[in-house]
Amino acid sequence: MTSILPIRPETGASQRAAARAAEYGLVQLGGRPPLGRYIKELWARRHFALEFAKSRFRSANEANRLGMAWVVLNPLIQAAVYGLIFGFILTSNSKPHNYTAFLVCGVFTIGLFSGCFTDGAKSLVANRGLVRTLHFPRAVLPIATLLNKLMELVATTVVMCVIVMLTGEMPQLDWLLIIPAYFFLALFSGGIAFVAARLTVHLRDISQLIPFINRLIFYLSGVFYIVGNRFGDRGILGKVIEANPLNVYLSLVRYAMLEGIRGTGPNQISIDATTWIMAAGYGVVMFVVGFIFFWQAEGLYGRD
Amino acid sequence: MTEQTSSQNGSVATDRSGEDLETIGQDAPPAEEKAAPKPAAKKAAKKGVGPTGLKKIKTRVPVGPRERPTVIVDNLHVTYKVYATGKRATGRNAEKKGLLARTPGVRRAHEVQAVRGISFTAYEGDAIGLVGTNGSGKSTLCQAIAGLVPAKRGAVYSEANPTMLGVGAALMNDLSGERNVILGGLALGMSLDEVKSKYQDIVDFSGLKPEFLDYPMRTYSQGMGARLRFSIAASVSHQVLLIDEALSVGDRLFGQRSEERIRELRESAGTVFVVSHALPTITKTCNRVLWIDQGKLIMDGGVDEVIEAYTEAEGA
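The rules behind each value
- Every chain is numbered independently, its residues counted from 1 as its sequence is written.
- Chains and ligands are labelled by the order in which they are written, letters from A for the one and numbers from 1 for the other.
- Where totals are concerned, whole chains, interfaces and linings use all residues; where local detail is concerned, this predicted model gives features only for residues with pLDDT of at least 70, and gives and counts side-chain atom pairs only at 80 or more.
- With hydrogens and water set aside, each side-chain value is computed from the structure's full complement of heavy atoms.
- UniProt positions are given in the numbering used here, feature names are shortened, and annotations may be inferred rather than shown by experiment.
- Orientation is described by lines fitted to C-alpha atoms, with helices fitted over the stretch in contact, and by angles between N-to-C directions that extend from 0 to 180 degrees.
- Helix and strand definitions here come from DSSP, where helices need a minimum of 4 consecutive H or I residues and strands a minimum of 2 consecutive E residues; each element is numbered from the N-terminal end.
- When describing relative orientation, an angle under 35 degrees is termed roughly parallel and one over 145 degrees roughly antiparallel, while 65 to 115 degrees is termed roughly perpendicular and anything else oblique.
- Take the far helix as the reference: if the near one is turned anticlockwise from it by less than a right angle, the crossing is left-handed, and if turned clockwise, right-handed.
- The contact criterion used throughout is that any non-hydrogen atoms of two residues lie within 4.5 Å.
- When two components associate, each loses some accessible surface as probed by a 1.4 Å sphere; the sum of these losses over both components is called the buried area.
- The rule for a salt bridge is simple: a side-chain nitrogen of Lys or Arg has to be within 4 Å of a carboxyl oxygen of Asp or Glu.
- Here is the rule: rings of Phe, Tyr and Trp (six-membered ring for Trp) pair when centre to centre is within 6.5 Å. Planes less than 30 degrees apart are stacked, more than 60 are edge-to-face, and the remainder are tilted.
- Type-normalised accessible area, obtained with a 1.4 Å probe on protein chains alone, sets the label of each residue: buried when under 20%, exposed when over 50%, and partly exposed for intermediate values.
- Charges are assigned to positions over rings by a cutoff of 6 Å between ring centre and Lys NZ or Arg CZ, combined with an angular limit of 35 degrees from the ring normal.

Looking at an unreviewed UniProt entry, one finds chain B named ABC transporter ATP-binding protein and attributed to Kineosporia mesophila. The heading Sequence similarities (unreviewed entry) in the UniProt record of chain B holds the text "Belongs to the ABC transporter superfamily."

Chain A has the name Transport permease protein in an unreviewed UniProt entry, where Kineosporia mesophila is given as its organism. Database annotation for chain A, UniProt heading Sequence similarities (unreviewed entry): "Belongs to the ABC-2 integral membrane protein family."

Structure representation (structure tokens):
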């Protein structure tokens, strides 16, 4: 796990010491390995990332009386609260078909993103002790956050399927389309976690802003309405909001899960190949960009 | 002097490893245990080397084999950025500008210089003790040698992969001892198979009763937790090993066993660094001592000289 860099004395270091180090094959530590080796080191630590995520997943609920039941109870209560607010209090005339299921799909799906964003931002600063005692590619930490959130997603998805069935939808093969949709959403969220993790190290204040950004995204991405309905006639703004990555992922999941919503009518969602291409593009690009952005500051992560 | 004030508060410069339980029982009086002082030490003491470090004395004594360097530390500076609050921490400007300076809209980053220009070379077979008061920069120096804290200026060159003997930060209190052994092993860089094959050894060494391994670690007593952490950490051996306040864990029996284990690790490792306030520990395990104060190297030499000068200065 050593970070072998070509020996070049930094400011304040003498040529003599560098030459002596080179003579005995000593290397400067704590730098940033080249991308290829970084990925290799990361792969070697995959079991650690997984075990770390699993441990987090377990320890988050271990102290509760109901234990792991909270993994399922938490999203259920969340859905109930949103159902109460948007189903009974803030009622509107133009609700999509099967609103309960519509809402549940939205809330649970965006949970993966907002969880990765919030916890990803904390992943380095909250584990400062770990970063300062042990060597490992720091990307393990945001990745463990993503894995942790994916474990939660498995639980919430089961709940989601049950709720959707209870609202009268029949299980069908199309439901399997949520797997690629979630795969791309996970890539996208992972990329966001990388970016948030690095930015929070540079500027701790960002973690104060994240709840608000999350809220804004929640309201803008059509978790409780269909974006096309609200913003369809707003020209460019409408197009931008419709192209919002989270709206794309939400649409894909809902299209897969809810039969009554498919179509081009006012309260319906239509998807085509472009939607899938956008989903894949957003996911892959965000993940790669986020990862490289994170890797560029490797070696600085212990400083503060 | 403001910088030193903040760094000597301890929380900034020392308490980073997440291992907070390893500091029990370091108050052993060291002065009595020492052999007859050597002339060099007397000279050092006479020159009045104090904790303020007015004079920097280097006594190079030939201790241990001197063929192969394993760690070269060259003019190393390490600083921390701290967003300090309060009047003291904002320094002289605060006094000039009065109230306004105390509540600025954007707080300026304050730099704490934990290590300020340390240079030395460690050789194969060296066991180097680091002594100094709290907040003198010992732990930071260790972290910099381990490559965990980046250097602001200067450089650290090292053989292979220096490892800190500490795993506390990776463990999770809500999980059982068993899961923590696996998690800790993986955190130290073992493969899954290695962890599985070493699992029994780790558990045996810790001496914990099997039923405790099923309980969450937060139910453990301080000593039990320290035993398990030490057992996990000491299960790996590396060429350059850094031990930060890990020697005094558990009860006496476990203390003996861990000292033995450290000696083993020392033999298999090329170079060992030991940070401890328990000077007897250092006299027992080391052949060379670095005395650090306020981030600077005050003295570097054989155990007897340096410890002699250090206790003299501390006691005065």
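Next comes the rest of the write-up.
Student: What is the right way to read the packing of helix H9 (residues 222-233) of chain B against helix H10 (residues 252-268) of chain B from this model?
Tutor: Each pair of packed helices can be described by the angle between their axes along with the distance between the axes. Residues and elements named next belong to chain B. Between H9 and H10, whose axes approach to 11 Å, the crossing angle comes to 15 degrees. Classed by the angle they form, the pair H9 and H10 counts as roughly parallel. The crossing of H9 and H10 is left-handed. Between H9 and H10, the residues in contact are Arg227, Phe230 and Ser231 and Phe254, Ser258, Arg261 and Ile262, respectively.

Student: Please clarify how the interface of chain B and chain A should be interpreted in this entry.
Tutor: Put simply, an interface is often sized by how much accessible area is lost when its parts join up. Facing the 51 residues of chain B at the interface are 43 residues of chain A. Carbon and sulfur atoms make up 59% of the surface buried where chain B meets chain A, a total of about 4100 Å² over both sides. Viewed at the interface, chain A and chain B are joined by one salt bridge. One salt bridge connects A:Glu51 with B:Arg179, and the closest N-O pair in it is separated by 2.8 Å.

Student: I tried to follow the packing of aromatic side chains on my own but got confused; where do I start?
Tutor: Residues and elements named next belong to chain A. For the structure shown, the criterion picks out 23 aromatic pairs over all chains. Ring centres of Phe224 and Tyr225 lie 5.4 Å apart, and the angle between their planes is 75 degrees; on these two criteria the pair is classed as edge-to-face. Per residue, the accessibility class of Phe224 equals that of Tyr225, and both read buried. Members of the aromatic cluster, connected to one another through ring pairs, are Tyr38, Phe194, Phe287, Phe291, Phe294 and Tyr301. Cation over ring: Arg198 sits above Phe293, and NZ or CZ is 4.2 Å from the ring centre. Here the basic side chain of Arg215 rests over the ring of Phe218, its NZ or CZ set 5.6 Å away from the ring centre.

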